[in-house]
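Structure at a glance
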Amino acid sequence: DYTREDIARFRENIRRHVVPVVMEIFEERRKALGLDKLCFCDESLTGPDGNVVPEGTTEELVAVAQQMYRELSPETGAFFDFMTEHQMFDLETRPGKQMGGYCTFLPELKSPFIFSNFNGTTADIDVLTHEAGHAFESFTACREGVLNDMLFSTSEVAEIHSMSMELFTHPWMENFFSGSKEKADRYRRDHLQGCIIFLPYSACVDEFQEQVYLRRLTKAEDRYALWHELEQKYMPWRNYDGIGFLEKGGFWMQKLHIFKYPFYYIDYSLAQICALEYYLRSETDREAAWEDYYRLCQAGGSKPYFHLLRLGRLSNPFAECTLEGLMEQLRPELLES
């Protein structure tokens, strides 16, 4: 549905319209943390008192999520009630359990299943929104008669379902922090900033892969040099504080997608743009935004990419005006100044 040239333009739009804002976000964080310079290991710290964490046991957090989904819409309420009634979760870490988190589908039971490893951070909330977004989509599409092999769409669309659910649930975040509006506001801001901060890194990973394959970079030193060059382009704020291996371009090696799923990464950014569009629309007309999102979920993966975007009334993420307009609207929520 799109070409390498389309992706190149999309990456350039990220460089032009997102990178400057992310630089401002990290400069604000540096000042808030009282640091002379922000190193790469400081980037995930959002405040001098540490990052906010949800309050409650696994059972309590699931109960909060269940009430949240009942209030969000009749459709999400019925979905999450089904998931809890039939125990379609494996959330807690235990000895010998595989790490990570994901959503899959059990055709015989006509049910999604969510797998995760809760760790006492906001990532636990993200499981109950992100993976639940995947689960809600497959649960919905299945009941609309979409064939099992098409319940999950291609990754560019599948992540719209999950990332949008993260943002649709923002108004209920107080409940994950014992009613604290201050902590919930902090979470919402940190989460929204995280959505934006991710985009340049995703573009960097994608161009790195493209160039490695196009130029057949079989020598390790050439790959290091390429990553270092692309970091200057997409993440000019990055400071490795004298760690030689990373300063020469070794950071790319920590991204498992590059080894296991070639070219599967920019998909997250394409989906994030659509999710942010739903978020902004929900701030002015929540009901209409939800109806469009629900219609998208009902279709599953039964249509091509651009057809699904039209079905969900979403803009073309490759158009420069789309990303530029989103950043203009989001800027007041992202930055203090």
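One can find the structure itself at the top, above this paragraph.
Because the structure is predicted, anything quoted here is derived from the model rather than measured.

1. Description of helix 14 (residues 320-334)
Across its 15 residues, helix 14 extends 20 Å between first and last C-alpha, which sits within 8% of the 21 Å expected from 1.5 Å per residue. At E328, helix 14 is bent by approximately 30°, the largest bend along its length, and proline P332 sits one to four residues beyond. Looking at helix 14, one finds that the buried residues are T322, L323, G325, L326, M327, L330 and L334. In this structure, the buried residues of helix 14 make contact with helix 1 (4-17), helix 2 (19-33), helix 7 (181-214) and helix 11 (266-284).

2. A word on unusual backbone geometry
One non-glycine residue, D241, adopts positive backbone phi at about 55°. Locating D241 in the fold gives a position in the loop between helix 8 (220-234) and helix 9 (244-247). Residue classification places D241 among the partly exposed residues on the basis of a relative accessible area of 44%. Although it is not a glycine, R313 sits at a positive phi angle of roughly 55°. Positionally, R313 belongs in the loop between helix 13 (305-311) and helix 14.

3. Here's the deal with helix 1
Counted at 1.5 Å a residue, the expected span for helix 1 with its 14 residues is 20 Å, and the 20 Å between its end C-alpha atoms agrees. Listed in full, the buried residues belonging to helix 1 are D6, I7, F10, R11, N13, I14 and H17. An end-on view of helix 1 places all buried positions within 155° of arc, on one side of the element. On the buried face of helix 1, the contacting elements are helix 2, helix 7, helix 8, helix 11 and helix 14.

4. Quick word on the layout of surface pockets
Counted as a void, the second largest pocket has a volume near 230 Å³. Surrounding the second largest pocket, 13 residues form its lining, A32, T46, R189, Q193 and E336 being those nearest its centre. Elements represented by at least two residues in the lining of the second largest pocket include exactly helix 2 and helix 7. Residue composition of the lining of the second largest pocket, grouped by class: three nonpolar, three polar and seven charged.

5. So, the sheet that holds strand 3 (residues 111-118)
Here three strands make up an open sheet; going across it, the order is 1-3-2 and the pairing mixed. The open sheet has two free edges, formed respectively by strand 1 (89-92) and strand 2 (102-106), since each of these has just one partner strand. The mean angle between the axes of side-by-side strands here comes to 15°, regardless of whether they run parallel or antiparallel. The sheet contact formed by strand 1 and strand 3 spans three bridges and is parallel. Each bridged residue has a counterpart across the sheet, and for F89 the counterpart in strand 3 is I114. Each of strand 1, strand 2 and strand 3 touches helix 5 (residues 123-143); the most contacted strand, strand 3, lies at about 170° to it.

6. Some thoughts on the pattern of salt bridges
Here the idea is simple: oppositely charged side chains can pair when their charged atoms come close. Evaluated as defined, the whole model comprises 26 salt bridges. Across the salt bridge formed by E207 and R11, the nearest N and O atoms sit 3.6 Å from each other. On the criterion of sequence distance, the pair formed by E207 in helix 7 and R11 in helix 1 is long-range, its members being 196 residues apart. The pair formed by E207 and R11 is uniform in burial state, with each residue classed as buried. The partner of K233 in a salt bridge is E207, with the nearest N and O atoms 3.0 Å apart. In this pair, K233 sits in helix 8 while E207 sits in helix 7, placing the two residues 26 residues apart along the sequence. K233 sits in the partly exposed class, given a relative accessible area of 32%. A relative accessible area of 11% places E207 in the buried class.

Definitions and cut-offs
- Residues numbered from 1 in each chain as written.
- Predicted model: local features only at pLDDT ≥ 70, side-chain atom pairs only at ≥ 80, totals over all residues.
- Heavy atoms only, no water.
- Helix = DSSP H or I, 4+ residues; strand = E, 2+ residues; numbered from the N terminus.
- Expected span 1.5 Å × (residues − 1).
- Bend = angle between axes of the 7 residues up to and from the residue.
- Buried < 20%, exposed > 50% of the residue type's maximum accessible area, 1.4 Å probe, protein only.
- Contact = heavy atoms within 4.5 Å.
- Arc of directions from axis to C-beta.
- 1 Å grid on protein atoms, 1.4 Å probe; cavity = no way out; pocket = protein on both sides within 12 Å on 5 of 7 lines; lining within 4 Å.
- Points joined across faces, edges and corners; volume = space filled by probe spheres on them.
- Nonpolar A, V, L, I, M, F, W, Y, C, P; charged D, E, K, R; others polar.
- Pairing = 2+ DSSP bridges.
- Axes fitted to C-alpha atoms, helices over the stretch in contact; angles between N-to-C directions.
- Salt bridge = Lys/Arg side-chain N within 4 Å of Asp/Glu carboxyl O.

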